[in-house]
Amino acid sequence: MQKRFTQKYLNNRGVAYLCAFVFLCVAMMMGISIGTVSVLPLDIFNIIGAEILRLPISNDVNPMHSNIVMNIRLPRVVLAGFVGASLAIAGAAFQGLLRNPLADPYTLGVSSGASVGAVLTIFLGLSIPFVGTFTLPLFSITTAFLTIIVVLFFARQIDRGMRVETIILTGIIFSSFLGAFISLMIALTGDELRQIIGWLLGSVSMRGWDYVQIILPFFIIGSAMLIANSKELNAMSFGEERARHIGVNVQKRKMMVLIAGSILTGAAVAVSGTIGFVGLVIPHLTRLLWGPDHRHLLPLSMMTGAGFLILADLFARTIISPTELPIGVITALIGAPVFAIILIKRRAEGRG
Amino acid sequence: MMYSLRQINGGYGGKQVIHDVSFEVEKGQLFGILGPNGSGKSTVLKMLSGLIPVTSGEVYLKDQPVQNYNTKEIAKIVAVLPQHAEHSFSYTVKEIVSLGRYAHQSGWFQTWSEDDEEVVQQSMKQTGVQHFAHKNITELSGGERQRVFLAQSLAQEPEILLLDEPTNHLDLSYQKELLDMLKEWTEKKGLTVLSIFHDLNLAGLYCDQIVLLNDGKIVSNDKPNEVLQEARIIEVYETEVKKHGHPKVPAPQVVLIPEEKWQNEEIITPAILMVNEEYITLQSAQPLRVMSSGVVGSGIGWYQTFVNRHVDKSYNCDDFYEEMVDFLIEKGFEPSETVGMMTAVYTDDVIYGFYEMDLFSVLIVVTAGVGNAVDASMASKHKEVVTPGTINSWIFVNGHLSEEAFIQAMMTATEAKAKVLMDLEVRDKETGTVATGTSTDSILVAATQSGEKIDFAGTVTPLGKIIGKGIYECTQKAIHKSRKRKKETDDD
């Protein structure tokens, strides 16, 4: 009996990972193939096989296609994937840590915090020696981390119980404040205006492989830290006191999760601007589909988040082609109603 | 010694809540912490689990200062059952219970061993949650959730279990179930349980040792019976209580006394006595404090209805209690509020007398037959045979009797009854000596518990005098009457 249960369990998990993986692959294929110039999936395989894996494939592919895939679509899809994965896993971790299905880098103000760092870097033309291109993400990450610390500190001052609504409210107040701060900087800037605005709206277009290189190390460090803490996140989603009684070193683990979340958010914001609601919607849907266990929720959210943002980007650039919508518009159009639904559901549960 | 607290002081945010608290908890004890709200119970518990540091003094866990342990090490020894566990996401029961194994797993790639699985299954079985192992926590009732978190605590394989008012949100049956379970584990597995109690009576019923706190200081640290002294509880909780024994087990119980005393206006008089062929009954508008030896409703309690039922001499029922309850129900009486007696005497032969004094009045009701009279001093010569009672005496007092007065009233009545039999020369057929009563006499003393406080009812006290006189007169008349009837029926 027990064995059968375990097997069923494993099978379900297997199915979950398979679904998420297939979704991600399909999204990637669509993202690469669809556009003003369509590239057939078979060609994509050939191009990738030849260019990346250096397989001895007879190269009868159109060189223009090869160029489009390798220099425009693939880096764009990969970047969107990393950004989506970063935001989704960070969102899932914040939600678990704060026992709050409405928490995400955007609603907590972390994204805005990261933006301030990024805008400051661009505005002041900062560059740390030896770090070079990583100056931008490092600044974003630092300001992101400072923001979440300040938001949580204020929320605790307002309400020791740290209720869901209090944290969200504090996050939104900080978002507004930091947003105003960014506007101020934009008003003061002259030459860099276009760069800042384009970046603020959130986009993964025309970034190229350089940006993939920027986000990659932070993505690996951040998600590894979170996945290493998935059991602790499970425990902490029953409250910090409970987690401590079970044996979790709450102070240390909480700090790790906050730092990792900030690394992921900061790096994502640094390369793509503020893209909202991915970290809210994806973990929520993943939890609904496959349960709240963080050991699986985090990797699954990562995959579905990546796929989701790739598709969102696809919509953003095709829906009113040739004009491109900022990707943040698409995610907000989907995310805000979901946010409202979760809020209403929680209220209903609270009353019942 | 599992826990040892040595003069600890401390509190939250600079405010000192706990002052010089010292106590020790031994292995296998069910240890209770009591105290009014704000007395520092929860603070002490949080200090024990290391959640709040002490500002001075030492907490020793298994002979080691508690700060020498890290969080995981503490979790392997001490489990804490929360009063009200948060659950923000819909984890399954098994996922929640499995989290209890956290402290026992180590390394970056914490693998789930067979041992872990075994312990989790065992914990779920012990708490009776294995049936819904794959259900979501959100689908469960409050009591079931509590058991899930108890299973989680057990999965930690702790030596000590800390609980903060574990029965707070539970139904009566779950409260008993949980505490019975904890008690069993302390006895059988040597688990040490330390719990805060809100309910003094539950603590009195289950604890081996109790610490009573007030204003962050220890008021008493002793066995339940010593801690739960009436005067102490009144002082600490600043409320009127009365202590008495538990009716079934030797445990102290403390009951509240409501401020508003209901005035019992009604006076028990012969006017409310009703007699028909089957039974004599008296129905009071309000419950009376009663001490009796009836078939139903015997002992001490509060009763409203009193029934003396006529049964045939040949009445022979193995389970006369059941039969009597059935009879009461059939006649429309509520057995839990009724004192019921049986007599072979005809109900018409009842004799009653009403005695009015300045401060109190007494109604005495007697049915008497002396068919199986016995001399108590020679009773060893009799075989034990149960036959319907023959002298049933009811004494209703419109007054407020002390417990002593109840007992003295019974003694006085018994002596007066014996004197009647002596004066009438009723003989014990077996021994030929003068009888003192019959083999199955019953007595009932009931009081309205309002009006004059009567502390004593010995033979020469005002109440004793009336009871002695009344019982003598009524019993004498009653025996005459039943003898006359016996003669008539014999003549027929």
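These numbers were taken from a predicted model, which means no experiment stands behind them. Within each chain, residues carry numbers counting from 1 in the order of the written sequence. Chain letters start at A and ligand numbers start at 1, both assigned in the order the entries are written. Confidence filtering applies because this is a predicted model: local features only for residues at pLDDT of at least 70, side-chain atom pairs given and counted only at 80 or more, and all residues used for totals across whole chains, interfaces and linings. As a convention, hydrogens and water are excluded, and side-chain values are obtained from all of the structure's heavy atoms.

Re the confidence of the model for chain B
Per-chain confidence: chain B averages 88 in pLDDT, with 96% of residues scoring 70 or above. For every residue, the predictor states its confidence as a pLDDT score lying anywhere from 0 to 100. Think of it this way: any DSSP run of H or I at least four residues long counts as a helix, any run of E at least two long counts as a strand, and we number them from the N terminus. Confidence, expressed as mean pLDDT per element, reaches its minimum in chain B at strand β11 (residues 241–245) of chain B with 82 and its maximum at strand β8 (residues 192–196) of chain B with 95.

Re the sheet that holds β8(B)
Residue and element names in this part refer to chain B. Here, a strand pair is defined by DSSP locating no fewer than two bridges between the strands. Reading across the sheet, the six strands line up as β6-β7-β8-β3-β9-β10 and stay open at both edges, with mixed pairing between neighbours. Since the sheet does not close on itself, it has two edges, and those belong to β6 (78–81) and β10 (217–222), each with one partner. Along the sheet, successive strands turn relative to each other by an average axial angle of 15°, direction set aside. Pairing geometry for β6 and strand β7 (residues 160–164), over four bridges, is parallel. For V80, the partnering residue across the bridge sits in β7 and is L162. Working rule for contacts: check all heavy atoms of both residues, and any pair within 4.5 Å makes them a contact. Axis definition: a line fit to C-alpha positions, over the contact stretch in the case of helices; interaxial angles, taken between N-to-C directions, run 0 to 180 degrees. Docked against the sheet, helix α6 (residues 172–189) engages β3 (30–34), β7 and β8, running at close to 135° with respect to β3.

Regarding the packing of helix α12 (residues 278–290) of chain A against helix α13 (residues 294–318) of chain A
Residues and elements named next belong to chain A. Axis separation between α12 and α13 bottoms out at 9 Å; the angle between their running directions is 125°. For the element pair α12 / α13, the angle class is oblique. The interaxial crossing formed by α12 with α13 has right-handed handedness. In contact with V278, I282, P283, T286, R287 and W290 of α12, α13 contributes L297, L300, S301, T304, G305, F308 and L309. Just so you know how the angles are binned, under 35 degrees is roughly parallel, over 145 roughly antiparallel, 65 to 115 roughly perpendicular, and the rest oblique. Should the near helix be turned counterclockwise from the far one by less than a right angle, the crossing is left-handed, whereas a clockwise turn marks it as right-handed.

Re the interface of chain B and chain A
Facing the 34 residues of chain B at the interface are 30 residues of chain A. Two parts lose some accessible area (1.4 Å probe) when they are put together, and adding that loss for both gives the buried area. Between chain B and chain A the total buried area reaches about 2,700 Å² when both faces are included, carbon and sulfur atoms providing 58% of it. Per-residue buried area on chain B facing chain A is highest for B:F89, B:Y91 and B:Y102; these three make up 27% of the total on that side. Any Lys or Arg side-chain nitrogen found within 4 Å of a carboxyl oxygen on Asp or Glu counts as a salt bridge. Linking chain B with chain A are one salt bridge. N or O atoms within 3.5 Å of each other form a polar contact, as long as, within protein, one can give a hydrogen and the other can take it, and as long as residues adjacent in sequence are counted only when both atoms are side-chain atoms. Taken together, the links from chain B to chain A amount to twelve residue pairs in polar contact (both at pLDDT 80 or more).

Remarks on the sheet that holds strand β2 (residues 15–25) of chain B
Think of a sheet as strands paired side by side through backbone hydrogen bonds, with each pair either parallel or antiparallel. Residue and element names in this part refer to chain B. Strand order in this open sheet of four strands is β2-β1-β4-β5, and the pairing throughout is antiparallel. If you trace the sheet from one side to the other, it starts and ends with β2 and β5 (64–65), each paired once. With seven bridges joining them, strand β1 (residues 3–12) and β2 adopt antiparallel strand pairing. Among the inter-strand pairings, G11 is bridged to a residue of β2, identified as Q16. Relative to the sheet, helix α1 (residues 41–48) contacts β1, β2 and β4 (56–61), its axis offset from that of β1 by approximately 120°.

Section: the pattern of salt bridges
Using the criterion set out here, one finds 22 salt bridges over all chains in the structure. A:R76 is the salt-bridge partner of A:E324, the closest N and O atoms lying 3.0 Å from each other. In this pair, A:E324 sits in the loop between α13 and α14 (327–351) while A:R76 sits in helix α3 (residues 63–98), placing the two residues 248 residues apart along the sequence. Think of it in three bands: with a 1.4 Å probe and only protein chains considered, a residue is buried below 20% of the maximum accessible area for its type, exposed above 50%, and partly exposed in between. A residue is classified by how much of its surface remains accessible, and A:E324, at 37% relative accessible area, is partly exposed. Across the pair B:E157 and B:R101 runs a salt bridge, and its minimum N-O distance is 3.0 Å. With B:E157 in the loop between α5 (142–155) and β7 and B:R101 in the loop between α3 (93–99) and α4 (114–126), the pair connects residues that are 56 residues apart, well separated along the chain. Owing to a relative accessible area of 39%, B:E157 belongs among the partly exposed residues under this scheme. Members of the salt-bridge network, linked through shared partners, are A:R76, A:D313 and A:E324.

A short note on the environment of B:K46
Summarising the element assignment, B:K46 is placed in helix α1. B:K46 gets classed as partly exposed once you look at its relative accessible area, which sits at 24%. Residues in contact with B:K46, not counting those within four places in the same chain, are A:E241, B:Y12, B:L51 and B:I52.

A word on a nonpolar patch on the surface
All names here are of chain A. Candidates for patches are residues over 30% relative accessible area with no salt bridge; among them, like charges are joined within 9 Å and nonpolar side chains (Val, Leu, Ile, Met, Phe, Trp, Tyr) within 5 Å. Reported accessibility uses the Shrake-Rupley method at a 1.4 Å probe radius. Residues are deemed covered only where the shown protein chains occlude them. A cluster of nonpolar side chains, namely I149, V150, F153, F154, M255 and I259, defines an oily patch on the protein surface of about 470 Å² accessible area. The set of elements that each furnish at least two residues to the nonpolar patch consists of α5 (135–158) and α11 (250–272). Considering every element that reaches the nonpolar patch, the biggest residue donor is α5, with four residues. Relative to the helices and strands, F153 is located in helix α5.

Describing the domain arrangement of chain B
Where interface size is quoted, it is often the accessible area lost as the parts come together. Where each domain starts and ends comes from a domain assignment, either automatic or drawn from a database. Assigned domains of chain B: these are domain 1 (3–256) and domain 2 (270–491). For domain 1 of chain B versus domain 2 of chain B, the distance between C-alpha centres works out to 51 Å.

Topic: the side chain of B:S49
Inspection of the secondary structure assignment puts B:S49 in the loop between α1 and β4. Residue classification places B:S49 among the buried positions, given a relative accessible area of 6%. A polar side-chain atom of B:S49 sits 3.4 Å from a polar atom in the side chain of A:H245. Once residues lying within four places of it in the same chain are set aside, the contact partners of B:S49 are A:H245, B:Y3, B:I74, B:V80 and B:L162.

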